[in-house]
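Residues per chain are reported as follows:
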Amino acid sequence: MKRLLISAAIAALPGMAMADAKADEIARLKSQMQKLQQQMAELQKAVEAATAPVGAQKEAAVAGGEDANTELKERVANMELKVDKLNTASTDGPLAGLSVTGYLDPTYIYNRNNNSSGFQFLNHQNVYAYSNSTFGDVYLDIKKTFGVGPTAPSAEISIMPNRGSGNTLLDGGSGNNIINTAVINFPLSDTWTFNAGLMNSFGGYEVQQSNQMVTLTHGLLYDFSDPGSYVGAGFNWSHDVWAWKFLLANEQYRTHANLANTGTNPANGNPQVKSNNTPTFTARVDYTWSSALDLGGSFNAGRQTLLTGSACAGGFGYQCASADPYSNYFFTEADASYTLGDIQYNAELDYGQQQKAAWNGGSAQWYGVSLLGHRKWMTESLGKMGATLRYDYLNNSKNGGGGGGVALGAGGYDGVNAFGVDPACVASGAADCKGANRMALTADLLFFPTDQFTLKFEYRHDWASQAVFQRNDGSMKKGNDMLGAQAVYTF
C-alpha cells in the first residue's frame, strides 16, 4: 500500500512543477499588462493636455488663452473687412481706375538775337515761337478708366496751364484756357475704339511732352508745318501690325464753329457773318515693320481761316484780295521711327498748301524734312548719358511765304521765327519777293540721374535764306543762336 502511494506521489511531482511554472508566467504577464495600461493612461493625459487649448469646448483651457484667441479672431475679422472695402473701392469706388501723372520742366534760355537770357517757367505769355513753345510748364495728365480690360471706356484730360494748346493756339491764343487735351475713349471691340474731344494732330514723329523728347526745343516741322490740335470725333482701329486713326473735326485750333464778319447788311446795317461749316478730315496709318521700326503717315483736308490784317476793310488774306474768309487746306506727311536699345532714329517728310494764304495773295506752299539721331550710354563717373543731333529744313518761299503754322506780320515777315519776305525786297517795290527758307541744326547733351529726372543742355543754330531774323537793335540778320538748359522731373 505504501508503495502505491509513494508511486502516485512520484508520478504527480512533474505535474505540480508545471503548474507552478504556469502560475509564474501568468503573474509576469499580468504585471506587464498593468504597466502598459498605466503608460497608456499617462499618454492619454499628455495628449489631452496638449490639445486642450485648441478645442473651444475643453474645460482645461485657461481663461487667458481664451481671451487672446478671441482678440486675435476679432483683429483678423477687422482686417478682412478693411481688405474687402479696399477691393470694393478699387473696382467700384470714385478712385477706381484713376491715375494722375505729369512733369515739371523749368527751362533756361539764352537767345543771341534778343540779347536775352533767363528762366522760362510758368510763362503765361501766349505767343508761340520756336524759342518759347511747349516747354517751361507744369503738365498734368488725369485719366479715369471705367472698368477693367481692353474694352473699358475712359476719359483723359491733360492740363498745361501756360504753354499748352489752350493758352497758345486755340482760338487765337486767348491765354485763359488751361486745358491742353480732353478726350473720351469708348472701345467698341478689341480692334475698334470711338473717341471724341480735343486732341493733338496726328502728324509727324515728334510729341508734345518734354519728358518724352530727346531735345529741348521742337523741330521746325513740328512748330510750323504739322497741323496743331483739333476738336472732333472719330475712330481708331488696330490689328496685328496695322493701326489707323480717323477724325472728323473743326478746322484746326478752333473749339467752336468759326464765324467771320463779311460785311454789313445794306437794308438795316446789321453785320453779315459767314461760318466755316466745312469739316476737316484727318487720318493716320502706322505699319509696324518690326519691333524696332515703325512706318507712318498722315494727311489733312478741309478749309482753314485766312490770316487777315487789321487794315483790311472788305477782303481777306494778307493783301485783302480774297472775298472768302476761308480757303482750301491740304497737308500730308510720312515719317519713320527706329528704336533699338539705346539707339533712336527719326525721319519725316512734309508737304502742305493753302489757297490764297501766301503773303502776295497767292497760294501758300511749304515742304520740309527733319532728321534726328539719338544715343544713350553708361559712364562710370556721370552715370547714364545721351546725345541728340537733329537737322530741319522747311521751304516756305512760294509767293512770299505763309500758310501752315506761319503767321506773318504787317511788314510781310516774322522777325522772331524768321519767315516771310526780306524787308529790303519789300522796300524796293519788287513784285516777286520770295519767302525765306528755314534751316536749323540742334545738338543736345542729356543726363539721367534717375528714372524720373532728366537734365538737357542744348545748342541750336537757326538760319534762313533771307535776312528775316530781327535783332534787339532792330537790324535784320540771316541767323540766330540759342543755348538752353532744362530740368525735367516726371511723376
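Per an unreviewed UniProt entry, the recorded name for the protein chain is DUF3138 family protein, and the organism is Chromobacterium indicum.

In terms of regular secondary structure, the protein chain is built from 5 helices and 24 strands. Here the protein chain holds 491 residues, and the buried ones make up 38% of them. A separation threshold of at least 6 residues defines the contact pool for the protein chain, and within that pool the share at least 24 residues apart is 59%. Accessible surface computed for the protein chain: about 26,600 Å², of which carbon and sulfur atoms make up 60%.

As a working rule, side chains carrying opposite charge can pair if their charged atoms are close by. Inspection of every chain in the model, using the stated rule, returns 9 salt bridges. Close ionic contact of R303 with D324 constitutes a salt bridge, the shortest N to O distance being 3.0 Å. In this pair, R303 sits in strand 13 (residues 293-305) while D324 sits in the loop between strand 13 and strand 14 (326-340), placing the two residues 21 residues apart along the sequence. Per residue, the accessibility class of R303 equals that of D324, and both read buried. One connected set of salt bridges, linked through shared partners, spans R284, D286, E333 and D335.

Here strand 10 (residues 259-264) pairs with strand 11 (residues 271-275) via 5 bridges, running antiparallel. Among the inter-strand pairings, A260 is bridged to a residue of strand 11, identified as K274. Hairpin geometry of strand 10 and strand 11 is characterised by an intervening segment of 6 residues between the two adjacent antiparallel strands and by a positive phi of about 80° at G269.

Further remarks concern the packing of aromatic side chains. Within the structure shown, the criterion is met by 14 aromatic pairs. When the centroid spacing of 4.7 Å and the interplanar angle of 45° are considered together, the rings of W242 and Y287 count as tilted. Taken together, the residues W242 in strand 9 (residues 242-249) and Y287 in strand 12 (residues 280-288) connect sequence positions 45 residues apart. Aromatic side chains F447 and F457 sit 6.1 Å apart centroid to centroid with 80° between the ring planes, which places their arrangement in the edge-to-face category. Taken together, the residues F447 in strand 20 (residues 438-447) and F457 in strand 21 (residues 453-464) connect sequence positions 10 residues apart. Among the residues examined, F447 registers a relative accessible area of 16% and is labelled buried. Members of the aromatic cluster, joined through ring pairs, are W192, F194 and F235.

Here strand 15 (residues 343-354) pairs with strand 16 (residues 364-379) via 12 bridges, running antiparallel. Its bridge partner lying in strand 16, N346 is registered against L372. As paired strands, strand 16 and strand 17 (residues 383-395) are joined by 13 bridges and run antiparallel to one another. Note that in strand 17 the partner of R375 across the bridge is A387. What sits between strand 16 and strand 17 in their antiparallel hairpin is a turn of 3 residues.

On to the state of the cysteines. Applying the stated criterion across every chain yields a total of 2 disulfides. Sulfur-sulfur distance for the disulfide between C312 and C320 comes to 1.7 Å. On the sign convention where negative is left-handed, the bridge of C312 and C320, at about -75° about the S-S bond, is left-handed. Classification of C312 as buried rests on a relative accessible area of 16%. Across a sulfur-sulfur distance of 1.9 Å, C425 and C433 are joined as a disulfide pair. Between C425 and C433 the sulfur-sulfur dihedral comes to about -95°; the bridge is accordingly left-handed.

The topology assignment puts D223 in helix 4 (residues 220-224). One polar contact links D223 to Y128, side chain to side chain, over a distance of 2.6 Å. Leave out the neighbours within four places in its chain, and D223 touches Y128, Y130, S133 and H218.

Quick look at unusual backbone geometry now. Phi is positive for N115, close to 50°, though the residue is something other than glycine. Structurally, N115 is set in the loop between strand 2 (107-111) and strand 3 (116-120). Look at N115 and you get exposed, because its relative accessible area is 54%. In the Ramachandran plot, L122 falls in the positive-phi region, its phi being about 55° despite a non-glycine side chain. Positionally, L122 belongs in the loop between strand 3 and strand 4 (138-145).

Attention now goes to the nonpolar core. Grouped together as the largest cluster of nonpolar side chains are 30 residues, with contacts concentrated most on F224, W366, L394, L408 and F419. Of all the secondary structure elements, the ones that give two or more residues to this core are helix 4, strand 14 and strand 16. The leading source of residues in this core is helix 4, at 3 residues. Not counting the four nearest positions on each side in its chain, F419 is found in contact with F224, L394, N396, V406, L408, G412, Y413, D414, A436, R438 and V468. Residues V183, M199, L247 and A249 belong to the second largest nonpolar core, which totals 6 residues.

On to the confidence of the model for the protein chain, then. Summary statistics for the protein chain give a mean pLDDT of 89 and a share of 85% for residues scoring 70 or more. Every residue in residues 54-58 scores below 50 in pLDDT, and together they form 3 contacts with partners more than four places removed in sequence or on other chains.

Within the fold, N111 resides in strand 2. Residue class for N111 comes out buried when judged on its relative accessible area of 6%. Setting aside anything within four residues of it in sequence, one finds N111 in contact with S116, S131, N480, D481 and M482.

Criteria and thresholds
- Residues numbered from 1 in each chain as written.
- Predicted model: local features only at pLDDT ≥ 70, side-chain atom pairs only at ≥ 80, totals over all residues.
- Heavy atoms only, no water.
- Helix = DSSP H or I, 4+ residues; strand = E, 2+ residues; numbered from the N terminus.
- Buried < 20%, exposed > 50% of the residue type's maximum accessible area, 1.4 Å probe, protein only.
- Contact = heavy atoms within 4.5 Å.
- Areas by Shrake-Rupley, 256 points an atom, 1.4 Å probe, with all protein chains shown as cover.
- Salt bridge = Lys/Arg side-chain N within 4 Å of Asp/Glu carboxyl O.
- Pairing = 2+ DSSP bridges.
- Phe/Tyr/Trp six-rings, centres within 6.5 Å; stacked < 30°, edge-to-face > 60°.
- Disulfide = S-S within 2.5 Å.
- Polar contact = N/O pair within 3.5 Å; in protein donor to acceptor, adjacent residues only side chain to side chain.
- Core = buried A, V, L, I, M, F, W, Y, C linked by side-chain atoms within 4.5 Å.
- pLDDT = per-residue confidence, 0-100.

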